[in-house]
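# Structural characterization, general
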Amino acid sequence: MNITLLRSDQIYKKMMNLPKEKRDDIYRYEIAKPFEFKWSCINVPLKSSKKGGYDVVMASSMLGFLPPSKVDETQRESIDLILKDALWQTCKLTIENSLECFTKAGYELPVKDYMFSIMLGNPESPYISLSDGYLGDGGIPGYIMVALVPNEYTIRRIPVALAHECNHNVRFQFEKWRNDITLGEMMIIEGLAENFATSMFGEDLVGPWVSKTNINTLNNYIKPLIKDALGATGFENISAYLWGDELAQLQGYFSEGMPYCAGYACGYYMIKHYLKKTGKSIVEATLTPAIEIMKEIEDFWDEETA
C-alpha cells in the first residue's frame, strides 16, 4: 500500500505569512485539491462559480476546520506543534498498522493508495469544542484526515482517531455507502470503528463521543429512545440520535432530546456486546454485514449495559 502524507503544516506556515486575500486559494489548491475526489463525493466544489459561494473553503469551515482567513500569526504556536517529522511518521505508521490488521488476517483491500493530512481545527466550532478539540474523517476510501486544535491532549489522541477512521476506510471498501442508510447501520459503523481503535490503543483512550456518556443515562434514557428509531433513515431523522441535538440543530435537523453523540456511545457498547457474544475479532466484525450484526444483538436492548 502507498500512503501519501500531505504536509499541511508547511502549507499553513506559508499561509500564515501571506495577505488574507491570498490564503483561500492556497488552502483551496494546495491543501484541499489533493482531496478533491473526497470533496466531490459530498458535492463540494473546490471553487464556487460565484464569489463567496459554497465551495471547499466554506464547507470545511462549516465542518469545524480553521478558516484560511484565520491562519495568521495567532496560529504560529498551533502550526509549530504539528511541524515535527516524528508526528507525521507516527501518523503514517498508525495508518499502515491499522490497514495491516486486515491484510494480515487475509483480506485483500481494493484500495492501494491513501492520502492523509492534519487540518487545524477551529476552537470556536461546536464540532471541535464538543469533541474535546479533535475529530477525524475517513469515510471515503483512500482519504483520511484529522482536524484538531493542537495541544498535548489532542496530539496524543491523533493515532486513536486515525485507527477509527481507518476502520471506516476499510469497511466502505467492501460495503457501498447508501443514502438510505438506517440509524442502526450508522451506529454499527461507528461502534465498529471505536472498538477497533480501542483494540489498538486501549479503552483509556476511547473518544469523547463515547466517554462523555454516563452508563446510567445510556441504559435508562438513550437505549429506550434509540431502540424505537433504529430503522429511521435520512440525516434529518437520524442526526440527533447520532450526534446529539446540539450538532443536529446546527445542520438544520430535528431535535430528539439526545445528548452529545448518544448514538456513537450506544453503538460502541452495542458492538462490544456483539464481540463478546459471538467471539468474533473486531477485524472480522468490521467486514460483517450490518444485517447479520443486528440479528445477533437483539438482546442488547433488553439488557443493562455494564
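Our subject is the structure that appears above.
Residues numbered from 1 in each chain as written. Predicted model: local features only at pLDDT ≥ 70, side-chain atom pairs only at ≥ 80, totals over all residues. Heavy atoms only, no water.

### Observations concerning the packing of aromatic side chains
Scanning the model with the defined rule gives 12 aromatic pairs in all. Arranged with centres 6.3 Å apart and planes meeting at 65 degrees, the rings of tyrosine 134 and tyrosine 153 form a pair that is edge-to-face. Highlighted residues: tyrosine 134 in strand S3 (residues 134–137) and tyrosine 153 in helix H8 (residues 152–156), separated in sequence by 19 residues. For tyrosine 134, a relative accessible area of 4% puts it in the buried group. The class for tyrosine 153 is partly exposed, based on a relative accessible area of 34%. Among the aromatic side chains, those forming a connected cluster through ring pairs are Phe172, Trp177, Phe235, Trp243 and Tyr264. For the cation-ring pair, lysine 38 lies above tryptophan 39, with the distance from its terminal atom to the ring centre recorded as 5.0 Å. One residue, lysine 212, lies across the ring of tyrosine 260, its end atom 5.2 Å from the ring centre. (Phe/Tyr/Trp six-rings, centres within 6.5 Å; stacked < 30°, edge-to-face > 60°. Helix = DSSP H or I, 4+ residues; strand = E, 2+ residues; numbered from the N terminus. Buried < 20%, exposed > 50% of the residue type's maximum accessible area, 1.4 Å probe, protein only. Lys NZ or Arg CZ within 6 Å of the ring centre and 35° of its normal.)

### A short note on the environment of proline 68
Its location among the elements puts proline 68 in the loop between helix H4 (56–62) and helix H5 (76–81). A C-alpha to C-alpha distance of 17 Å links proline 68 and leucine 6, two positions 62 residues apart in sequence. The contact partners of proline 68, leaving out residues within four places of it in the chain, are Met15, Arg23, Asp24, Tyr27, Val57 and Ser61. (Contact = heavy atoms within 4.5 Å.)

Functional significance is not addressed by these values, which are geometric in nature.
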